Structure formats: C-alpha cells, structure tokens
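Close look at the chain arrangement
Chain by chain, the residues run as shown.
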Amino acid sequence: MGILLLPSLEEKRHIRLENISQTEAELFITNFEERVKASRRLNTPVKSIADAFQIYRLLPDLCDYDIEDMIEELSVSDVARQRGIRAAFIDEDTDTIIVGTTIVYSDKWAMVGVDDDTLPDQILEMEY
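Quick look at the structure, then. Within each chain, residue numbers correspond to sequence positions counted from 1 in written order. Given that this is a predicted model, residues contribute local features only at a pLDDT of at least 70 and side-chain atom pairs are listed and counted only at 80 or more, while totals for whole chains, interfaces and linings are drawn from all residues. Each side-chain value is derived from all of the structure's non-hydrogen atoms; neither hydrogens nor water enter the calculation.

**Points about unusual backbone geometry**
The line we're drawing: A run of H or I in DSSP counts as a helix once it spans at least four residues, and a run of E counts as a strand once it spans at least two, with each numbered from the N terminus. Accessibility here uses a 1.4 Å probe with only protein chains present; expressed as a share of the type maximum, an area under 20% marks a residue as buried, one over 50% as exposed, and anything in between as partly exposed.
One non-glycine residue, asparagine 19, adopts positive backbone phi at about 60 degrees. Considering the arrangement of structural elements, one finds asparagine 19 in strand β2 (residues 14–20). One non-glycine residue, aspartate 61, lies in positive phi territory at about 60 degrees. Mapping aspartate 61 onto the fold places it in the loop between β4 (53–56) and α2 (67–74). Looking at aspartate 61, the relative accessible area reads 43%, which means it is partly exposed.

**Observations concerning the environment of serine 21**
This is how the line gets drawn: Between two residues, a contact is recorded if the distance between any of their heavy atoms is within 4.5 Å.
Position of serine 21 among the secondary structure elements: in the loop between β2 and α1 (22–39). Given a relative accessible area of 22%, serine 21 falls into the partly exposed group. Once you skip the residues sitting within four places of it in the chain, serine 21 turns out to touch Met1 and Phe89.

All we've got here are geometric facts, nothing functional implied.
Given below as structure tokens:
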C-alpha cells in the first residue's frame, strides 16, 4: 500500500491519500486527468504522451529513502514551460513510483499528457 499526492482543483495544494493500492492510485490519477480536461483550459506540452501517468521501478528498497521528501519533490514539475503540480504515488512495498502526466499551474490552466523525460534521472539522483 502506498501514498498518493493528488493536486486539488480548488487550491494550489495536494490532497494526500494513504494506504491505497497501485490500482486505486492509477484510477484516481486517471479520474483527475478527466476532471482537469473538463475544468481547465489546456496548453500543449513540449513533448506529450497519451497516458495519464508513468510508472517507474528504478530504485530498489524504497523503504530506505525518505519517502516524504521524495513524493513532495516528484509532485512538483520544475521543467521550463511545464511548471506546476502533479500527482505522485509511491509504494515502498513494491518499489513503485507513479507520476501523473497532468500538470496544473493555475486555477484556469493545465497541461495534459506531459512527457517529462527528466524524471528517470531525477529519481536516480535522489539521495534521501
């Protein structure tokens, strides 16, 4: 079971869900993307993909890392022209990290399907 940070559509903050499965996290993230599409103006990302999230299993023994700092860092995109908040899920038991591809950066604007190719290196360089 893992932790999911899901962006709020009302304020610039995350909603935290604990003890949820990977399947539940994937459903929450997919549903979030649909709600964003219905409620925000959408910009086109520099690189895009069709998936609502990307799954990473790059680090063994996630329980040895500071999961709180890791999930906070992954839930914010600092990529130029794609800055904002996004969903992030970490399951220490399965060493799974999921990062949403929908980035919300204001109460009116978002991007859907952002292919953030900096994430694998960002994950591998984490020293928590």
